Amino acid sequence: MEKAIKTIQVNHGYIQLDLSKPERIRAFSRRIQVAGKRAEKDGKTDTLLFRKKAADAIEMLFGQGACRRIFGTNLPEMEWMAEFLKKLTPLVRKWMEGM
């Protein structure tokens, strides 16, 4: 599959997503899910742990400095990440269907 780079304008610049590597997108999704599970203990969520793990997953998918470009910080709030993923997910699905 040839490269299919999508450039996305975010709050503090741009990020890029290579759709020709769907395994990286799936790995990103798994990392977010695992971060949520690991952050849960005794019915409570360790939000700091989740935020760190999710931020690492974002940096892995979009490259170093992505959190700062997207959110303006290296350690975004959970609500910010949820909003970003809520907007990103349908775009990625649409782009993948068109390939």
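Preceding block: the structure.
A few points on the structure. As the structure is a prediction and not an experimental result, all values here were calculated from the model.

**Section: the packing of aromatic side chains**
Link 1 in the chain: This structure, assessed with the given rule, holds three aromatic pairs.
Link 2 in the chain: An angle of 75° between the planes, with centres 6.5 Å apart, marks the rings of F28 and F62 as edge-to-face. Here F28, found in helix α1 (residues 22-39), pairs with F62, found in helix α2 (residues 47-62); they are 34 residues apart in sequence, far enough to count as distant. This pair shows no difference in class: F28 is buried, exactly as F62 is.
Link 3 in the chain: Note on F71 and F84: the rings are 5.7 Å apart at their centroids and 80° apart in plane angle, and the pair reads as edge-to-face.

**Some details on the pairing of strand β2 (residues 13-18)**
Link 1 in the chain: Where strand β1 (residues 5-10) and β2 come together, six bridges link them in antiparallel fashion. Residue pairing for β2: V10 is matched across the bridge by G13.
Link 2 in the chain: If you look at the hairpin formed by β1 and β2, you'll find two residues sitting between the two strands.

**Things to note about helix α4 (residues 78-97)**
Link 1 in the chain: Taking 1.5 Å per residue, 20 residues should reach 28 Å; α4 reaches 28 Å between its end C-alpha atoms and fits that length.
Link 2 in the chain: Where α4 is concerned, the buried positions are M81, F84, L88, V92 and W95.
Link 3 in the chain: Against the buried residues of α4 lie β1, β2, α1, α2 and α3 (66-71).

Conventions we followed
- Residue positions are given per chain, counted from 1 along the sequence in the order it is written.
- Local features in a predicted model are, by the rule used here, given only for residues with pLDDT of at least 70; side-chain atom pairs are given and counted only at 80 or more, and totals for whole chains, interfaces and linings are based on all residues.
- No hydrogens and no water enter the side-chain calculation; it runs on all heavy atoms of the structure.
- Geometry of aromatic contacts follows a simple scheme: Phe, Tyr and Trp rings, the Trp one being its six-membered ring, pair when their centres are within 6.5 Å, and the pair is stacked under 30 degrees between planes, edge-to-face over 60, tilted otherwise.
- Counting from the N terminus, the helices are the DSSP runs of H or I reaching at least four residues and the strands are the DSSP runs of E reaching at least two.
- Accessibility here uses a 1.4 Å probe with only protein chains present; expressed as a share of the type maximum, an area under 20% marks a residue as buried, one over 50% as exposed, and anything in between as partly exposed.
- At least two DSSP bridges between two strands are needed for those strands to be called paired.
- In this scheme, a helix's expected span is set at 1.5 Å multiplied by one less than its residue total.
- By the convention used here, residues are in contact when the closest approach between their heavy atoms is within 4.5 Å.

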